[in-house]
Structures are given as structure tokens and as C-alpha cells.
Amino acid sequence: MGLVQGKVALVTGAGRGIGESSARLFAAEGASVVVADVDGEAALRVAEAIATSGGNAVAVQADVTDEDQVIAMVATAMEHFGRLDCAHNNAGISGTVSTFTDLNLSEWNRMITINLTSVFLSMKHEIPAILASGGGSIVNTSSGAGVVGFAGLPHYVASKHGVVGLTKTAAIEYAKQGLRVNAVLPGTTNTPMIQQFTEANPDIGKMVAKTVGRGRLGEPEEIAEAAVWLCSDRASFVSGESMLVDGATVCR
Ligand SMILES: NC(=O)c1ccc[n+]([C@@H]2O[C@H](COP(=O)([O-])OP(=O)(O)OC[C@H]3O[C@@H](n4cnc5c(N)ncnc54)[C@H](O)[C@@H]3O)[C@@H](O)[C@H]2O)c1
């Protein structure tokens, strides 16, 4: 029996990086998976890889900043698999580095829309589907930047603190209805988001690794392990938690 055997899980931003690892692990642990990404080809590639490995998955092209597309994404889970038990709201961007005074409003709005409003919209439409399925679990991807500040990233830090706030609020609001809501807070993780910097300049990777207690970046599979466990029944009394998965970084 897998950790999430027989459940239906939806993962956003599942076309690559942490979301891809999460979708693959949900499937490997026995769930049927809705693989959602704004990049429809990437979502399809991941769903096909899951099917090739013997898993059950359907791909959906969905921009999670667009409410109609979010509604259609959740409807896919219900129409295709007849229920929704777990959701990992993971889609997000890193954005550009900027001081407060140089940050323009359009970049602020873009970050808040993609990293925070998307999580609100996703939860707004996932929650009724999960409750109609008898309860379940949601995990939102925040960041170490969801609990500490980082100079040069006011918009990213605000968006990821916001994800923690949404998580806590939903956890309280739905605790008595059998819905658990948690956040996973990755440290710097070796995904295409970070590889764009580390491949251009390997010294950046070495510099970042020195700030991590473990002395290396995280791997997306290590973040996925936390997300899938939080969604499993083994985490039945865990709700409203902000789980750092950062190899001892923020705690130092
Ligand atoms: N990689 C890290 O170091 C790190 C650290 C902390 C938190 N995070 C967070 O983890 C999450 C995943 O990051 P990653 O490193 O895997 O990034 P990534 O860029 O490698 O992958 C992100 C995926 O999200 C998708 N996406 C982006 N905008 C979308 C939208 N509007 N609708 C649907 N899909 C969308 C992209 O197409 C892509 O497939 C993000 O929320 C990120 O902020 C990452």
C-alpha cells in the first residue's frame, strides 16, 4: 500500500521542478494525479511519464491566476476521477531582484497574482470539491521567505508570507470539517527556477550552498516527500503547520 493509496491528488506547477517531483511521488505512492501547469506540453509530458511508470494521471493546461481556468482544473479532477482528496498548490515564480524603492507596481502585482492570488483561487475551488469527497488535505508551497525577510525580494517575501497566512486561516476555518491545510517551505532547491542562475554561474550555487546547514541545495524530490506525507493520513493531526524543508537554513 502506498502512502496515499486510492486518493486523488491535484498538483499545480507540476510541469517541472518541485511540482513535477510531487506529481510523480503522489502517483508512486498510489494516488491518481491531476498534473496541472500553465505549460500544457510540460504537464502532458509529466502525465505521460507517470502513465509509463504504471501510474494514473491526467494533464491539464491551467493558468492558476485565471479563476475560470482554476474552476476547469478542479472540474477535471471531479469528472476524470470522481473525487478530490489532496491538492498541492505549488505554482510560482522567483521574479526579479529589486530594492523597495526600485520595485515597480507592475512587477509587484505580477508576483502577488502568480504566487499568492493563485493559491487563494485554487483553495477557493478545491475546498468544496474536497469537502464533497468527504474531507482531505491541502499543501501550499511557501518558502523560507515565508517566515524570514530577504533584502531585495520584498514582493517575493510578501507573497510567500501571504501563503502561510492563507494556510493558517483555512486550517482553522475547515478543521472541524475534515480538511487539513499545511504549507511546505522549501529552502533553495535544485530546480529549473534556480538552475537558470547556477548554470550561468556555478559560483552562485556554491555561495548559496554555504548558507545551508547541510551545505548543499535541496533536491525537488526531498520537498515532494514532505508534501505527500502532509497529504497522507499519516499526518492526520497536522494542520496549520508551516514545515521548513531547508536542510537547517532558516533555523540558524
Ligand atoms: N526552487 C527553489 O529554490 C524554491 C525555494 C522556495 C520556494 N520555492 C517555490 O516552489 C514552487 C515551485 O518552484 P520550482 O523551483 O519548482 O519552480 P520552477 O520554475 O522550476 O517550476 C514552476 C512551475 O510552475 C509553473 N507555473 C508558473 N506560473 C504558473 C501559473 N500561473 N499557472 C500554472 N503553472 C504555473 C511553471 O510553468 C513551472 O512548470 C514555487 O512556488 C516557488 O516559489 C522554490
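Placed above this text is the structure.
Residues numbered from 1 in each chain as written. Predicted model: local features only at pLDDT ≥ 70, side-chain atom pairs only at ≥ 80, totals over all residues. Heavy atoms only, no water.

## As for the overall build of the chain
Assigned secondary structure in the chain consists of eight helices and seven strands. A principal-axis box enclosing the C-alpha atoms of the chain has dimensions of 45 × 35 × 35 Å. The proportion of buried residues among the 252 residues of the chain is 50%. Of all intrachain contacts in the chain linking residues separated by at least 6 positions in sequence, the fraction that spans at least 24 positions is 70%. Of the roughly 11600 Å² of accessible surface on the chain, a fraction of 55% belongs to carbon and sulfur atoms. Of the side-chain charges in the chain, 17 are positive and 25 negative, and the distance between the mean point of each set is 8 Å. (Helix = DSSP H or I, 4+ residues; strand = E, 2+ residues; numbered from the N terminus. Buried < 20%, exposed > 50% of the residue type's maximum accessible area, 1.4 Å probe, protein only. Contact = heavy atoms within 4.5 Å. Areas by Shrake-Rupley, 256 points an atom, 1.4 Å probe, with all protein chains shown as cover. Lys, Arg positive; Asp, Glu negative; His and termini not counted. Charge placed at Lys NZ, Arg CZ, Asp CG, Glu CD.)

## Notes on the site of the ligand
Surrounding the ligand, one finds 27 residues, the nearest of these being R16, I18, D37, T189 and T191. The side chain of T191 places a nitrogen or oxygen atom 2.5 Å from an oxygen atom of the ligand. Contact with the protein chains covers 93% of the free accessible surface of the ligand, which is 830 Å². Elements with a contribution of two residues or more to the shell around the ligand: α1 (17-28), α5 (154-174) and α6 (192-198). Ranked by the residues each element gives to the shell around the ligand, the list is headed by α6, at three residues. (Near = heavy atom within 4 Å. Polar contact = N/O pair within 3.5 Å; in protein donor to acceptor, adjacent residues only side chain to side chain.)

## Description of empty space enclosed by the protein
Taken as a whole, this structure holds one cavity of 30 Å³ or more when the rule is applied. The volume enclosed by the largest cavity comes to roughly 30 Å³. In terms of lining, the largest cavity is formed by T12, V64, N89, N90, A91, S118, V119 and S122. Ranked by residue count, the leading element in the lining of the largest cavity is helix α4 (residues 105-132), at three residues. (1 Å grid on protein atoms, 1.4 Å probe; cavity = no way out; pocket = protein on both sides within 12 Å on 5 of 7 lines; lining within 4 Å. Points joined across faces, edges and corners; volume = space filled by probe spheres on them.)

## Some words on the layout of surface pockets
Estimated volume of the second largest pocket: approximately 160 Å³. F120, M123, K124, I127, L166, T169, A170, E173 and Y174 together form the lining of the second largest pocket. Counting only elements with at least two residues in the lining of the second largest pocket, the list comes to α4 and α5. Ranked by the residues each element gives to the lining of the second largest pocket, the list is headed by α5, at five residues.

## Section: the sheet that holds strand β5 (residues 136-141)
As summarised here, the arrangement of the seven strands in space is β3-β2-β1-β4-β5-β6-β7, forming an open sheet in which the pairing is parallel. In this open sheet, the two strands that pair with only one neighbour each are β3 (56-61) and β7 (242-245). Averaged over all pairs of adjacent strands, the angle between their axes in this sheet comes to 20°, without regard to strand direction. Here strand β6 (residues 179-186) runs beside β7; their pairing, made up of four bridges, is parallel. Paired with A183 across the bridge in β7 is S242. Sheet strands in contact with helix α3 (residues 67-81) are β1 (8-12), β2 (32-37) and β3, and its direction is about 155° off that of β3. Across the sheet, α5 is in contact with β5, β6 and β7; its angle to β6 comes to roughly 160°. (Pairing = 2+ DSSP bridges. Axes fitted to C-alpha atoms, helices over the stretch in contact; angles between N-to-C directions.)

## Examining the pattern of salt bridges
Pairing is possible between side chains of opposite charge, provided their charged atoms come close. Enumeration according to the criterion identifies eight salt bridges in this entry. With a closest N to O distance of 4.0 Å, K206 and D203 form a salt bridge. Of this pair, K206 and D203 both sit in helix α7 (residues 202-210), three residues apart, roughly one helical turn. The closest approach of N and O atoms between R216 and E222, which form a salt bridge, is 2.8 Å. Exposure remark for R216: the relative accessible area of 32% places this residue in the partly exposed category. (Salt bridge = Lys/Arg side-chain N within 4 Å of Asp/Glu carboxyl O.)

## Here we look at α4
Here α4 is 28 residues long and its end C-alpha atoms lie 39 Å apart, about the 40 Å a rise of 1.5 Å per residue gives. Along α4, the sharpest kink reaches roughly 40°, centred on T113. In the stretch just after α4, G134 is the one whose phi turns positive, near 100°. (Expected span 1.5 Å × (residues − 1). Bend = angle between axes of the 7 residues up to and from the residue.)

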